[in-house]
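A structural walkthrough
Here's the letter readout for the chains.
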Amino acid sequence: MTGVQTCALPILLTAGNLDLNANNIDFTSGSTFSRTSGSIVGDASSNVSVTGSGDLGTLSFSGPNLGELYTERNVSVSTSLTTTALNINGGSLSLTGTSTTFTSSGDISMGATAGLSLGSNTLDITKNFTTAGGTITGTSSSNISVTGTGAMTSAIPVNSLGTLSINRNNVTTRLGSACTIGTALNIAAGTFNTGGFTISGGGTLTVTDTLEIQGAGLFPGLTETFAAGSTVEYSGGSGTVVNK
């Protein structure tokens, strides 16, 4: 492959790999992707865009790196992947593997009608996260980790998770919807703001840095542990600042 390749027809991969080799591919309307063997080989200089309308299918990558993944229609990814940017402008991106990790080393953005379904997988947010109204759907087997550096522009609108880990120094991460936590909410570094939403479930809440409880945000069912030196702040509701 050389340059930018536009695909408007179905692709069936039956043997070998589709090697992007530092080039870009645009799956436009009319294209689908399926495979019986082989996978897509990308790198940090290769971009994949999914434009137009209709379901694309499931993308499988060997070699875990990619440039930007841009999509405006329904597409699935079944393997672990690290991108330099993720832009879900429309449609839904579904992580359909088992215990895979999707990492963006750059920004993640979601459009007004976009969806991100985590399945039994982990999303690692290492830079900025913005959404114009798109939402994230998780399960008790889904995980989100907030690591890296830089501000988080938007709250995270996720309904259910196994584990939510906050580990970004001197940055506030906000919750954008009520959420059920099945395993653990860990605030290791930085600040986590409840956004006024209830976080329920049978997991644990462990605060090592700062927890901001906004409005009526509560934690029914969670077992709470506060490390020495941690801080709990209340805003817009009853309560006082507590330094543990």
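Since we're looking at a predicted model, the values are computed, not measured. (Residues numbered from 1 in each chain as written. Predicted model: local features only at pLDDT ≥ 70, side-chain atom pairs only at ≥ 80, totals over all residues. Heavy atoms only, no water.)

Concerning unusual backbone geometry
Spelled out, the test is: Secondary structure elements are taken from DSSP: a helix is a run of H or I of four residues or more, a strand is a run of E of two residues or more, and numbering for both begins at the N terminus. Between buried and exposed lies partly exposed: a residue is buried under 20% and exposed over 50% of the maximum accessible area for its type, with that area taken using a 1.4 Å probe on protein chains only.
We note that alanine 22 has phi near 65 degrees; this positive angle belongs to a residue other than glycine. Within the fold, alanine 22 resides in the loop between strand E3 (18-19) and strand E4 (24-27). Residue classification places alanine 22 among the partly exposed positions, given a relative accessible area of 42%. Although it is not a glycine, serine 99 sits at a positive phi angle of roughly 60 degrees. Take serine 99: it is sitting in strand E13 (residues 98-104).

Overview of the sheet that holds strand E10 (residues 75-77)
The line we're drawing: Criterion used throughout: strands pair if DSSP finds at least two bridges between them.
Read across the sheet, 5 strands follow the order E8-E10-E12-E15-E18 without closing on themselves; strand pairing throughout is parallel. Pairing within the sheet leaves two strands with one partner each, and these edge strands are strand E8 (58-59) and strand E18 (135-137). Where E8 and E10 come together, 2 bridges link them in parallel fashion. The residue of E10 that forms the bridge with threonine 58 is serine 76.

Re the nonpolar core
A general feature of soluble globular proteins is that nonpolar side chains tend to end up buried together. The line we're drawing: Residue types Ala, Val, Leu, Ile, Met, Phe, Trp, Tyr and Cys, when buried and joined through side-chain atoms within 4.5 Å, form a set referred to as a nonpolar core. Working rule for contacts: check all heavy atoms of both residues, and any pair within 4.5 Å makes them a contact.
The biggest cluster of nonpolar side chains holds 54 residues, and the ones touching the most others in it are Leu93, Ile136 and Ile144. When residues of this core are assigned to their parent elements, the largest contribution, 5 residues, is made by strand E21 (residues 179-193). The residues contacting isoleucine 136, other than those within four sequence positions of it, are Met110, Leu116, Leu118, Leu123, Phe129, Ile144, Ile156, Pro157, Val158 and Asn159.

Quick look at the packing of aromatic side chains
Stated precisely, the cut-off is as follows: Between rings of Phe, Tyr and Trp, where Trp is taken as its six-membered ring, a pair exists when centres lie within 6.5 Å; planes separated by under 30 degrees are stacked, by over 60 edge-to-face, and by other angles tilted.
This model, assessed by the stated rule, comprises 1 aromatic pair. Arranged with centres 6.3 Å apart and planes meeting at 75 degrees, the rings of phenylalanine 27 and phenylalanine 33 form a pair that is edge-to-face. For phenylalanine 27, a relative accessible area of 0% corresponds to the buried category. A residue is classified by how much of its surface remains accessible, and phenylalanine 33, at 3% relative accessible area, is buried.

Description of the confidence of the model for the chain
How we decide: For every residue, the predictor states its confidence as a pLDDT score lying anywhere from 0 to 100.
Taken as a whole, the chain shows an average pLDDT of 93; of its residues, 95% reach a score of 70 or greater. In this model, residues 238-244 is a region of pLDDT below 50 whose contacts with residues beyond four sequence positions or in other chains number 18 contacts.

Focus: the environment of asparagine 47
The cut-off we apply is this: Polar contacts, as counted here, are pairs of nitrogen or oxygen atoms within 3.5 Å of one another; within protein the pair requires one atom able to donate a hydrogen and one able to accept it, and residues that are adjacent in sequence qualify only if both atoms are side-chain atoms.
Topologically, asparagine 47 is positioned in the loop between strand E6 (40-41) and strand E7 (48-50). Once the C-alpha coordinates of asparagine 47 and serine 140 are considered, the two residues, 93 residues apart in sequence, prove to be 31 Å apart. With residues near it in sequence (within four places) discarded, asparagine 47 still touches Asn23, Asn24, Ile25, Gly67 and Glu68. Looking at asparagine 47, its side chain comes within polar contact range of the main-chain nitrogen of glutamate 68, at 2.8 Å.

Here's the deal with the pairing of strand E11 (residues 81-88)
The side chains of a regular strand alternate between both faces of the sheet. Among the 8 residues that make up E11, 6 are buried, leaving the element largely enclosed by the rest of the structure. As paired elements, E11 and E13 share 3 bridges and run parallel to each other. When the sheet's bridge partners are listed, leucine 81 is paired in E13 with phenylalanine 102. Sheet topology note: the E11/strand E14 (residues 108-110) ladder contains 3 bridges and is parallel. Residue pairing for E14: leucine 86 is matched across the bridge by isoleucine 108.

Remarks on the environment of aspartate 55
Along the polypeptide, aspartate 55 turns up in the loop between E7 and E8. When the C-alpha atoms of aspartate 55 and asparagine 17 are compared, they prove to be 22 Å apart, with 38 residues separating the residues in sequence. At a separation of 2.9 Å, a polar atom in the side chain of aspartate 55 contacts the side chain of asparagine 74.

Considering the pairing of strand E20 (residues 160-174)
Of the pairings in the sheet, the one linking strand E19 (residues 143-146) to E20 comprises 4 bridges and is parallel in character. Note that in E20 the partner of isoleucine 144 across the bridge is leucine 164. Bridging between E20 and E21 involves 10 bridges; their strand directions are parallel. Bridging across to E21, serine 165 finds its partner in asparagine 186.

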